[in-house]
Amino acid sequence: MSDEMLLAGFGAGDPTLSVRFVRRFQSVIFGVALSVLGDRTVAEDVAQRTFEQAWRHAATFDSRRGSVHVWLAGIARHEAIDTARRSSPTPTDPLVLADLLGDERGGAAAGDPRWIAAAAPLRSALRTLPVEQARAVVLAGVHGYTAREIADHERVPVGTAKTRLRTAMGRLRERLAEPSGEPTPEAHRP
């Protein structure tokens, strides 16, 4: 039986085809999850969620865009990456923006003079941004938030979060490229 037929039966809830579908793809999905996460127990959970996603979205599968095998591996990979991102520790509370923008002794490497010297230009450049843009940069750069996570955290649409981040990164790039810290005439162009 073809992969597409098994997927259709799985999506329709047919018990026999569902068992065959899971048996056919369980090692592939588990292997993808394990290669990303390196933890068998967590990979098993990701494999389970991958099958749940496949069941929910079986009707959206389009064989013109690729095989069932590739589609499932992609779902497993995304689930594993999301799981790894959620489980990675956050270095500090993202609301402590003042530490990054203020006192030169603050931040993650407070006692390290090399960090203080290296961070000074960035701190100075961050201070020139509107606070919502600076927060977006810190959430993305320091804490690893995605645009979606920034949008959720800031309670704004994803497009707004992306715009804030893109605008802020452009301004920081310009500011950090300036040798004196003073804006160049090019930086004032619309």
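Residues numbered from 1 in each chain as written. Predicted model: local features only at pLDDT ≥ 70, side-chain atom pairs only at ≥ 80, totals over all residues. Heavy atoms only, no water.

Caption draft 1: Molecular detail of the packing of aromatic side chains. According to the stated counting rule, one finds five aromatic pairs in the structure shown. Summarising the aromatic geometry, the rings of Phe 10 and Phe 21 are spaced 4.5 Å apart at their centres and angled 20° between planes, so their arrangement reads as stacked. Of this pair, Phe 10 sits in helix H1 (residues 3–12) while Phe 21 sits in helix H2 (residues 15–37); the two residues are 11 residues apart in sequence, bridging distant segments of the chain. A relative accessible area of 0% means that Phe 21 is categorised as buried. Every member of this aromatic cluster is reached through a ring pair, and the members are Phe 10, Phe 21, Phe 25 and Phe 51. (Phe/Tyr/Trp six-rings, centres within 6.5 Å; stacked < 30°, edge-to-face > 60°. Helix = DSSP H or I, 4+ residues; strand = E, 2+ residues; numbered from the N terminus. Buried < 20%, exposed > 50% of the residue type's maximum accessible area, 1.4 Å probe, protein only.)

Caption draft 2: Focus on the environment of Val 70. Within the element layout of this structure, Val 70 appears in helix H4 (residues 68–87). Between the alpha carbons of Val 70 and Val 28 there is a distance of 9.8 Å; along the sequence they are 42 residues apart.

Caption draft 3: Region of interest: the nonpolar core. Leu 7, Phe 21, Phe 25, Ile 29, Val 68 and Leu 72 are the most contacted members of the largest nonpolar core, which totals 17 residues. Elements with a minimum of two residues in this core: H1, H2, helix H3 (40–57) and H4. With five residues, the top contributor of residues to this core is H2. The contacts of Val 68, once residues within four sequence positions are left out, are Asp 3, Glu 4, Leu 7, Phe 21, Phe 25 and Phe 61. (Core = buried A, V, L, I, M, F, W, Y, C linked by side-chain atoms within 4.5 Å. Contact = heavy atoms within 4.5 Å.)

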